[in-house]
Structure formats: C-alpha cells, structure tokens
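Letter by letter, the chains look like this.
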Number of protein chains: 2
Amino acid sequence: MSFQSRRDLLKSAALIAAAGPLAGIALAQQQPELLRPPAATGAKADPWKGLKVGVASYTFHSLPLQACIDGIKQVDMHYVSIKDSHLKMDSTTDERKAVVQQFKDAKILPISCGVVAMKNEAAIAQAFDYARDIGVPVIVADPSPAMLATVEKYVKERGIKIAIHNHGPESKDFKSPADVWAAVEKLDPRMGLCIDVGHTKRAGMEPVDAIIKFKDRLYDVHMKDIIVDPSGRNTNVGTEVGRGILDIRGMLQALLDIGFTGHVGFEFEKAAKNPLPGLAESVGYTKGVMSTIRPSHLKT
Amino acid sequence: MSFQSRRDLLKSAALIAAAGPLAGIALAQQQPELLRPPAATGAKADPWKGLKVGVASYTFHSLPLQACIDGIKQVDMHYVSIKDSHLKMDSTTDERKAVVQQFKDAKILPISCGVVAMKNEAAIAQAFDYARDIGVPVIVADPSPAMLATVEKYVKERGIKIAIHNHGPESKDFKSPADVWAAVEKLDPRMGLCIDVGHTKRAGMEPVDAIIKFKDRLYDVHMKDIIVDPSGRNTNVGTEVGRGILDIRGMLQALLDIGFTGHVGFEFEKAAKNPLPGLAESVGYTKGVMSTIRPSHLKT
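Throughout this document, residue positions are counted from 1 along each chain, in the order its sequence is written. The lettering of chains begins at A and the numbering of ligands begins at 1, in the order of writing. In keeping with the predicted nature of the model, local features appear solely for residues at pLDDT of at least 70, side-chain atom pairs appear and are counted solely at 80 or more, and the whole-chain, interface and lining totals rest on all residues.

Topic: the packing of helix α5 (residues 121–134) of chain B against helix α6 (residues 148–158) of chain B
Residues and elements named next belong to chain B. In plain terms, the rule: To get an axis, fit a line to the C-alpha atoms, keeping to the stretch in contact for a helix; angles then go from 0 to 180 degrees between the N-to-C directions. Comment: elements are numbered from the N terminus, with helices defined as DSSP H or I runs of at least four residues and strands as E runs of at least two. Roughly parallel here means an angle under 35 degrees, roughly antiparallel means over 145, roughly perpendicular means 65 to 115, and every remaining angle is called oblique. Here a crossing is taken to be left-handed if its near helix is turned anticlockwise relative to the far helix by less than a right angle, and right-handed if that turn runs clockwise. We call two residues in contact if the C-beta atoms placed from their backbones are at most 7 Å apart. Here the term charged refers only to Asp, Glu, Lys and Arg, the term nonpolar to Ala, Val, Leu, Ile, Met, Phe, Trp, Tyr, Cys and Pro, and the term polar to all other amino acids, Gly among them.
With their axes 10 Å apart at the nearest point, α5 and α6 run at an angle of 30° to one another. By the criterion of interaxial angle, the relationship of α5 to α6 is roughly parallel. Between α5 and α6 lies a crossing whose hand is right-handed. Seen from α5, the contacting residues are Glu121, Ile124, Phe128 and Arg132; seen from α6, they are Thr150, Val151, Tyr154 and Arg158. Among the residues forming the contact of α5 with α6, the class breakdown is 4 nonpolar, 1 polar and 3 charged.

As structure tokens, this is what we get:
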C-alpha cells in the first residue's frame, strides 16, 4: 500500500526544503525569539502559531541523550529544555558545547535548562555557567528561599532569567505559581516563573488563571495532563495530554493571548522507560486542539 | 518527580473501574453498535463522541500480532479491523477464534476485516467464512468487478456487509468512492464503501464530500493524512495525522453529521517497522480536534 522508494526520495526532498528556516540558528542563539520551527511538510504554516513548543528532556530522563534527541525529532519538535540527566551540571564547557551541537545537528534548539536545584552559591554559580555554555536565556530552577538574594545577584550579573518551578502540594516552598510570585515580585524582573500546569492544578489553582495572572514574569511552562484518582482527588499521576482533566484549549488560548515568547515544554512522566508513544499522543492532541484556535494579539 | 508505587496502585484501580463498560462485549458482538469504548481514566466522557474509532491492523502489518495488540492498547483504542498479516485468510475456525480472543482479552473488539482481495469464488467463500468466524459485520474488500454478482450472492446468503475500498489513481477499478458507488448502487444495499480518505483525496475527490455523498452505503473508513510533494502534487506518502493536507476537522464533523456507526480505522503507513509513535501522534491529533467538535444529530 505504499511506494517506499518514492517515499524516501520525497522525504529527502522535504528534509532539504525544511533546512532553510533553521539556517538562522546561530542568530536565534543570540535572540531565540527569532527562531520559528519549520513547517513539518511544507504543506502547512507553523502548527504552533508562533509559540515555542518543545520538550522538557526530563521526559527522557531514564534514556540516553541519543534516545532523547531521536524522540524529540520523531514528534517534530525543535526546542528542548535540557535536564541534567542528559548533560550533568558538573560537565565541562566542552562537554556542554558538544551536547548542544548534537541537539542542533538534529534541528533542535536548547532554549532553557532544568529543573536545577539551588541550595548554595556554588550550585548557583555552576547553573549560570552551564546556562551560559549551552546558550539558553532561561534557567528553570528550584532554589532554596534563603538563596533567592544570591540568585538575584547572578541574574543581574549574567543577564540570564530564572524561572522558578512550582512543584505542587508536596513542595515545601513553591506549591503553586502564587508562591513563586510572592517570592519574586519584589526582586529583579528577570526573576520569574515556570508554571508546571499539572502541579498548579494539584495545588488548587487553575493553570489558565495562573498563566494570565502571572504573565509578566512567566518565562517557561511545563505542559502535561493529570488524572483524578477514583475518589475524585487530583493526583500526581501524569497521563497523555487529552486523557486527563486539564483545560488544554484554555491554556493554549491563554498562552497565545499573553503573547508568550518562552518555552512550552512537554513533560510526559507516565512511562519513563518508553515515553515516546505517550509523548507523541500528547503532542498530537495539543496540536489538534491548537489547529482549532485562532492566534490572538496581546489583549491586555 | 513522580510517586511510582502510588501511581501503580491508582493505575490498577483505574483498570478495574474501566472493565465495567466492556462486560457487554458478548452482546456487542451480536450488535456491535451497542459497544462504546470506555472512558480512558474515568475523568472524561467518550472522547470519540459515539464514533467507533479504532485501528486498521495493516498499520502493524510488519509486526507480530502481540505488537499489534500492545500498540492498539497503548493508544487507548478498543476497535480493530483485522488484516491477514495478523490472521491468515486460510486460517482455521479455531485459529480465528483464538486470535479474536487475544484481542478481546485486551479489550479490543474486531469490528471488520480487510482489505481482502476477491478474485474468484473460492476467495469470496473463504472471506465470508473468515468474517463469520471472527464475528465481524463488515468485510473491507477489493473485489474484481467481474466477481461483484458473486459477492452480492454471498452478502445476501450470509448477511455480512461488503465495504469496497477505493485505492487511488493507481487502482484500475476503484480509484475514488465514486467508482465504488457506481459499481454497487444497483446491488444489494449491503454492498457499500470503505472510504480511504487519503486515496480519495489523491483521486481528486474531497473526503468530506465523499462521506456525505455516499453516506447511505458507507460501512468503513480508513483514517489517515497525506502530504504533497515539492511540486504541489498530492502523493501516496502517508504522514502523521495533522501534518498533512487533509481536512481532519471536516471529516470528523461529517462522520458525526451522518451518524456514522461503522468503524473509523486509523491506518498509519509511514513507518511500518515502528508505527507506534506516528499512530499515537495521529490518534492524539484527531482526538484533540474531536474535543472541539460538538456532536450533531443526523442533519439530512
């Protein structure tokens, strides 16, 4: 039912055609907001309507770097937030540049990193060196509250943003985006949030509301879905996007409405040893919903 | 970032809860239109809004039966159209019943079979025995035009429907659904169509139009997406649903509008040796689009 050799020929042609938009990757590295993912087939405009949608590499944390890269390619994504599972925090500058090159060779642009714990100044300095070496404008972080002043000092010195990740009801310091906001609102404006939409819902806040309310400091998003347990309680059991309870359409609309320019990273945690089918379903579902949303201009 | 043991516990509970709706599988076997897929998590209503969406097992034609079953389970589908790659046409009744049982044990209901070539009466008789043994109400077929009268005789005798599959411009007899319609319209009303939406578009007919125009004889659908080649010509190169040119939303709306009760089977052909990620993305995309469509009553 297929014409394999013809298909391979066409596939090669499509790949060559798709290379064009990524030629600007060096420029995008300086100003990542300039990079737009290429259309998958030449047949359609950007399915993400300008949002920088990619993958949080934590999704592949049980698998080696190459499997992570192959998986991100498979789902036609072109951004990644690098977790230390694929590039250790204590890596050398050369090691960091080599990993970045592997991603770029696969037409995937590192756009943030994390989640990075920050318990002392050494860890903070290391994280900022790491972010500098991999060329990302944002570090997704889970700092100790006592270290926030030090983190802010590095933000001012290095010009790299911090997106503090909320981790749900089990977290001591940052359960919901409101906790992060309270901690950063009086600090440098480059101290902001990574809204994890699943943990946000579990902490009792609607992700759509959080995206809109905290838009001025929103620098990264972890995209996922969660299910309820049989008693009706929201749980930390992740699921394929679309099978759970989150308002996917509302979140996408909100991100478009606020003109979000940061990374929207899929983080699929249900099947660490074989995350690809679930990630693919999640990406497909989100793209399907996205296809029905009109891009809107900044409303506020 | 996850609580594995808790998750497993909840997953088991969810599986037990989900078993309920499938208890009626014996009844559904008699009247398949009664079967509704269970909600994936208990959190949502049927994401397919009453359509019987499943997988054409041709998707897994390069892989063994167990991989096919595991793949269909992975994407949370509960219907299958069985291709001879997973159950040979010359299998015995016992072999057929064993394979059906394997599907049912995985909560997957065989709902049609094919595509089956029908070049002589022996092949026709074999196909109708096969369909009887696996308990499906529809055979998706590619009969020689000269054999149509014989096929019709078996349809009348056995009470099993025939859905003739259109195969695009390369096909001699049935390029588009219009060709199938012309061949069957004067025959028994149980002689009808399987619209392959990709081949339909390539044959110059809009799948949405075909679904509506031929609704009275539409008994099966092959769901997919296709891309254009660099010169702008539609090709037989399949792609993940949503990455191509077909009007996915329009097709779903049309199927809901006509109150379609047959099988809508995903047929993903791009990566025969590893079809699961692409199938999962296709299922996700379609479900995402579906989430934005209101079910409608028969309009005509």
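Remarks on the pairing of strand β5 (residues 161–165) of chain B
All names here are of chain B. The condition is simple: Here a residue counts as buried when 20 or more other C-beta atoms sit within 10 Å of its C-beta, as exposed when there are 12 or fewer, and as partly exposed otherwise, the C-beta atoms being derived from the backbone. One requirement defines pairing of two strands: DSSP has to find at least two bridges between them. Handedness rule for crossovers: strands pointing away from the viewer, path from the first strand over the helix to the second running clockwise, crossover right-handed.
With 5 of 5 residues buried, β5 lies mostly within the body of the structure. Burial along β5 is two-sided: Lys161, Ala163 and His165 and Ile162 and Ile164, pointing in opposite directions, are all buried. The pairing of strand β4 (residues 138–143) with β5 spans 4 bridges and is classified as parallel. Opposite Val138, over in β5, you have Lys161 as the bridge partner. Chirality of the crossover, the property in question, places the unit of β4, α6 and β5 among those that are right-handed. Where β5 lies against strand β6 (residues 191–196), 4 bridges are found, and the strand directions are parallel. Considered in β6, the bridge of Ile164 is made with Leu193. Handedness of the crossover is the feature at issue here: the chain leaves β5, passes through helix α7 (residues 177–184), returns alongside β6, and the resulting connection is right-handed.

Quick word on the sheet that holds β5(B)
Sheet strands associate in pairs through backbone hydrogen bonding, adopting either a parallel or an antiparallel arrangement. Residues and elements named next belong to chain B. The strand order β1-β2-β3-β4-β5-β6-β7-β10 describes a closed barrel built from 8 strands, whose pairing is parallel. When strand polarity is set aside, the average angle formed by the axes of neighbouring strands in this sheet is 30°. When strand β2 (residues 79–82) meets strand β3 (residues 109–118), the two strands line up parallel, connected through 4 bridges. Looking across to β3, one finds that Ser81 is bridged to Ser112. Relative to the sheet, α5 contacts β2, β3 and β4, its axis offset from that of β3 by approximately 175°.

A word on the sheet that holds strand β10 (residues 263–266) of chain A
All names here are of chain A. In space, the 8 strands of this closed barrel follow the order β1-β2-β3-β4-β5-β6-β7-β10, with parallel pairing throughout. Here the average twist between neighbouring strands, direction ignored, is 30°. Along the sheet, helix α5 (residues 121–134) contacts β2 (79–82), β3 (109–118) and β4 (138–143); its crossing angle with β3, the most-contacted strand, is approximately 175°.

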